[in-house]
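Chain residues, written in single-letter form:
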Amino acid sequence: MNKMMMLCKHRRTILCCPILFSLIFLSSLFPQNAKPKNTPANILWYKQPATEWVEALPVGNGRLGGMVFGKTDYERVQLNEESMWSGSRTVTDKPDAYKFLPQVRRLLFDGKYAEAQKITERDMMIEPTWNMYQSLGDLFFKINHTGKISDYRRELNLDEAIARVTYKVGEVTYNREYFSSPVDQGIVIRFICSKPNALSLSARLARAKDALIIASSNAIVMKGQVTAGGVDVIGLNPGVQYETQLKAINNGGTISVSGDSLIIENADAITFYLVAATNYWGKDPHSFCEQTLLSLTTKKFESLKKDHIAEHQRLFHRVKLNLGSNENANLPTDVRLNAFKNGCDDPQLLSLYFQYGRYLLICSSRPGDLPANLQGIWADGLTTPWNDDYHININIQMNYWPAEVTNLAECHLPFIALVDSLRRSGRATAKNMYNSRGFTSHFTTDVWYWTTSVGKAEWGMWPMGAAWCCQHLWEHYAFGMDQKFLEYAYPILKEASLFFVDYLTEDPKTGFLVSGPSSSPENKFITKDGDTSNITMGPTMDMEIIWDLFTNTIEASRILGTDSEFRNQLANLRSQLSPLRIGSDGRLMEWSEKFKEAEPGHRHISHLFGLHPGRQITMRQTPELAQAARKTIDYRLAHGGGHTGWSRAWIINFFARLEDSEKAYENLVALLSKSTLTNLFDNHPPFQIDGNFGGTAGIAEMLLQSHAGEISLLPALPKAWPSGSIKGLRARGGFEVDIEWKQGKLKSATIKSITGTACKVRYGNKITLLQIKQGKEKKLNKKLQSF
């Protein structure tokens, strides 16, 4: 007990230790491995197999993923392919919905919220018909062992993007490796053992429905057409046609077929190759699988592995983070996490969590693929949480918050392509619902790019989705300064802005321009009449998003030297937008009027968009609004806010922007303590990947910011990280930044310019101006002096 107590540097009390001891004892019930003295920093590892899906370890190549359980008797690898969707592309706007817009607005301006909401839901919105992202299926292995299992270890190596399992049966050592190659577009699984002819197992593919499975020779084919999850009627809401193929190549022993299974007996080693495709992109899935599998199986395993690692590390190794060391780093990840939850400091666990977020983005969002959905690409079953779609009222945006700053700009591109793809249906929605030009979208969409308002006004009447998404086009430019990209992005920004040129209307009471009818996403208020309502005119988040969109479009137009007339029009409209208001209690108002909140601790804190991810509220340019934002967060937290993983992650970013290092750290601790599963997946609950990405972005935001026209070094460095370093972060303006600190103070920083633009650098109250030539760098000391 005394030895374990020494491993814990407590944040709170010694309470953690008895719980920690129990966890270590329980993990010892499963046979242990002789672990190395020092586990590399970027490895998740465990002394037992996964017993449920949320304990399995994810591999992925951007579109093809697997969840590895690591069992020794009946192994399961749950499979996903990014385009396994039911449904199809259809236009679903309610015809002539715009005819009711003037009536709804009049009622809202008159304070008749309940009546306005009733008409909105009845005459402007449609009933939803949800499409569904589904599991590709499962790959099962029945492994024949006789004897006791010992020395078990399951791991995920983030540096290599390889999952591994190793154990002994008697004196024989068994090893497995699993990876999903972005180079060769397949999942590769290799079984080996230390004794000749000691590998005997069977393999099969399975899916709950919509699957024809045929095994022959040394291969299995599974194919079908996706239908609606949970519905057994063939052909209902049909979706993509798909195919997956599995091939086994053995070293030694024999392969035979029994029913739908491959039977391998007495092998020295065996390698499985799995490929999958759908017709979503217009290709024949069978031809794709045949060609890809042929390519895979003609390369040697070591070449496949080497190429896979090299491509992964090309992205992953761009950023290195050191937050300090501790002995707990050598404990299994689940034991470390539970110790952390109970008060034991573990800065290396936070470094691991940061890099895990980057790993997940690399593995679920590569150029040419679909964007990461609510669970990345990893989802179990045929009825997935919230359909695993693209919620564009924060969730997919949060997925991509770490993309630019943590040097994964290429991984941002699938989301940017999604925004572009929304334009076609978004134009129809703008016209049908609001009689406006441009394009718009509401709270969610999917791979079929629907944009209309569905369901209830609480979540569905919010035409700001496309506008928020467009922020990511500007961010991609701001970090990379690629003018060719801006030429691509500007027409999208312009078209999104054009919608608001037509859509905005004057508030007869104030004379300002407002949006509406609209909501503050998923929140509600109590009217003066005691009714509960969701929609109003000019909710704060709307006005912040419109300000952000107009500002970015104006700046893009100026840089490109185009559309001066339209630019001036937007500048004029921006000056007339309803301003942000501070209530009598000092909080930033969420709606245009002061209403009583139905849920004071609501998970969405939408009216702080201007603080983060926007730039309308900053510590030095708008200190009064920043203080009002701080009071808003404190009030939400005091009433139970931050209770979902992604909401807590957003709060980390808020406090980082407010430069409150200890509160940012406190909420980072809460994210891992209250909303993180043993495989480090974020827990909404259920698993939702945005919290992982938001947490990674939050750590970066604590160490580097660049949204306010300057590069700010260590703006929210907590006391828990007294010494450390980070290399490879990116800042707006086209810069890469390395930072080292010691005893809580900046030691040095290196700033590299990608484009040769000037920059202002801040550390606390110290400021310096730098002009760095393109491709060159400058090193600064703690006084921001070059050396």
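Now for a quick tour of the structure. On a predicted model such as this, the values are computed, not experimentally measured, just so you know.

## Looking at the packing of aromatic side chains
Applying the stated criterion across every chain, the model contains 34 aromatic pairs. Centre to centre, the rings of Phe499 and Tyr503 are 4.9 Å apart; their planes meet at 20 degrees, and the pair counts as stacked. Here Phe499 and its partner Tyr503 are both found in helix H15 (residues 483-503), 4 residues apart, which amounts to about one turn of the helix. Both residues of the pair, Phe499 and Tyr503, belong to the buried class. For the ring pair Phe500 and Tyr503, a centre distance of 6.0 Å and an interplane angle of 75 degrees mean the geometry is edge-to-face. Taken together, the residues span about one helical turn, with Phe500 and Tyr503 both in helix H15 at a distance of 3 residues. With respect to class, Phe500 is no different from Tyr503; both count as buried. We note Arg190 situated over the ring of Phe301; from NZ or CZ to the ring centre the distance is 5.0 Å. Cation over ring: Lys494 sits above Phe566, and NZ or CZ is 5.4 Å from the ring centre.

## Brief notes about the sheet that holds strand S34 (residues 777-781)
Read across the open sheet, the 5 strands follow the order S17-S29-S30-S31-S34; overall the sheet is antiparallel. On the outer flanks of this sheet lie strand S17 (320-322) and S34, each paired with one strand and no other. Put simply, the sheet's adjacent strands are angled 20 degrees from each other on average, direction ignored. Bridge count between strand S29 (residues 724-731) and strand S30 (residues 735-742): 6 bridges; the pairing is antiparallel. Looking at the pairing, Gly724 lines up with Trp741 of S30.

## Things to note about unusual backbone geometry
Between His612 and the following residue, Pro613, the backbone shows a cis peptide bond with an omega angle of 10 degrees. Residues Pro685 and Pro686 are joined by a peptide bond in cis, for which omega reads 0 degrees. The backbone phi angle of Leu784 is positive, close to 65 degrees, even though this residue is not glycine. Judged by its relative accessible area of 5%, Leu784 is buried.

## Describing the pattern of salt bridges
One pass over the full model with this rule turns up 43 salt bridges. The shortest N-O distance in the salt bridge between Lys209 and Asp210 comes to 4.0 Å. The buried category is assigned to Asp210, whose relative accessible area is 13%. Salt-bridge contacts for Glu740 lead to Lys747; the nearest nitrogen and oxygen are separated by 3.6 Å. Judged by its relative accessible area of 33%, Glu740 is partly exposed. Its relative accessible area of 43% is what places Lys747 among the partly exposed residues. Within the structure, one salt-bridge network assembled from shared partners comprises Arg153, Glu155, Glu160, Arg164, Glu177 and Lys305.

## Some details on the environment of Leu577
On the secondary structure map, Leu577 appears in the loop between helix H17 (564-575) and strand S26 (596-597). Take Leu577: its relative accessible area is 7%, and that puts it in the buried class. Through-space distance from the C-alpha of Leu577 to that of Met543 is 6.9 Å; in sequence the pair is 34 residues apart. Excluding residues that lie within four positions of it along the chain, Leu577 makes contacts with Leu504, Phe512, Leu513, Met543, Ile546 and Trp547.

## Quick notes on a positive patch on the surface
A contiguous patch of positive charge on the surface is contributed by Lys745, Lys766, Lys782 and Lys783. Tracing the sequence through the fold places Lys745 in strand S31 (residues 745-753). Its relative accessible area of 55% is what places Lys745 among the exposed residues.

## As for the packing of helix H11 (residues 409-421) against H15
It is the contact of H11 with H15, at a shortest axis distance of 10 Å, that shows an interaxial angle of 35 degrees. Two packed elements cross with a definite hand, and for H11 against H15 that hand is left-handed. Only Phe485, Tyr488 and Ile492 of H15 make contact with H11, whose side of the interface consists of Ile416, Ala417, Val419 and Asp420. A per-class count over the contact of H11 with H15 returns 6 nonpolar, no polar and 1 charged.

## Describing helix H16 (residues 540-560)
With 21 residues, H16 extends 30 Å between its outermost C-alpha atoms, agreeing within 8% with the 30 Å of an ideal straight helix rising 1.5 Å per residue. With 16 of 21 residues buried, H16 is to be regarded as a mostly interior element.

## So, H17
The terminal C-alpha atoms of H17 lie 17 Å apart, and with 12 residues this matches the ideal 16 Å at 1.5 Å per residue to within 8%. Residues Phe566, Arg567, Leu570 and Leu573 constitute the buried set of H17. Here the buried residues of H17 occupy an arc of 125 degrees about the axis, which is enough to place them on one side. Set apart from the buried face of H17 by more than 90 degrees, the exposed residues are Glu565, Asn568 and Ser575.

## Observations concerning the sheet that holds strand S23 (residues 525-526)
Strand order in the open sheet made by the 3 strands is S24-S23-S26, with antiparallel pairing throughout. One side of each edge strand has no neighbouring strand; the edge strands of this open sheet are strand S24 (532-533) and S26. Inspection of the sheet shows S23 paired to S24 by 2 bridges, in the antiparallel sense. What sits directly across from Phe525, in S24, is Ser533.

## Quick notes on the pairing of strand S5 (residues 137-143)
With 6 of 7 residues buried, S5 lies mostly within the body of the structure. Sheet topology places S5 next to strand S10 (residues 199-206); 6 bridges connect them, and they run antiparallel. Among the inter-strand pairings, Phe141 is bridged to a residue of S10, identified as Ala203.

## Observations concerning the pairing of strand S32 (residues 758-763)
Looking along a regular strand, one sees the side chains alternate between the two faces of the sheet. Sheet topology note: the strand S28 (residues 711-713)/S32 ladder contains 2 bridges and is parallel. Within S32, the position partnered with Ser712 by the bridge is Arg762. Two elements, S32 and strand S33 (residues 766-771), share 6 bridges in a ladder whose sense is antiparallel. Following the sheet pairing, Lys760 is matched in S33 by Leu769. In sequence, S32 turns back onto S33 through a hairpin of 2 residues, with Gly764 there showing a positive phi of about 60 degrees.

Definitions and cut-offs
- Residues numbered from 1 in each chain as written.
- Predicted model: local features only at pLDDT ≥ 70, side-chain atom pairs only at ≥ 80, totals over all residues.
- Heavy atoms only, no water.
- Phe/Tyr/Trp six-rings, centres within 6.5 Å; stacked < 30°, edge-to-face > 60°.
- Helix = DSSP H or I, 4+ residues; strand = E, 2+ residues; numbered from the N terminus.
- Buried < 20%, exposed > 50% of the residue type's maximum accessible area, 1.4 Å probe, protein only.
- Lys NZ or Arg CZ within 6 Å of the ring centre and 35° of its normal.
- Pairing = 2+ DSSP bridges.
- Axes fitted to C-alpha atoms, helices over the stretch in contact; angles between N-to-C directions.
- Salt bridge = Lys/Arg side-chain N within 4 Å of Asp/Glu carboxyl O.
- Contact = heavy atoms within 4.5 Å.
- Patch = residues over 30% accessible without salt bridge, like charges linked within 9 Å, V, L, I, M, F, W, Y side chains within 5 Å.
- Areas by Shrake-Rupley, 256 points an atom, 1.4 Å probe, with all protein chains shown as cover.
- Lys, Arg positive; Asp, Glu negative; His and termini not counted.
- Charge placed at Lys NZ, Arg CZ, Asp CG, Glu CD.
- Left-handed = near helix turned anticlockwise from the far one by under 90°.
- Nonpolar A, V, L, I, M, F, W, Y, C, P; charged D, E, K, R; others polar.
- Expected span 1.5 Å × (residues − 1).
- Arc of directions from axis to C-beta.

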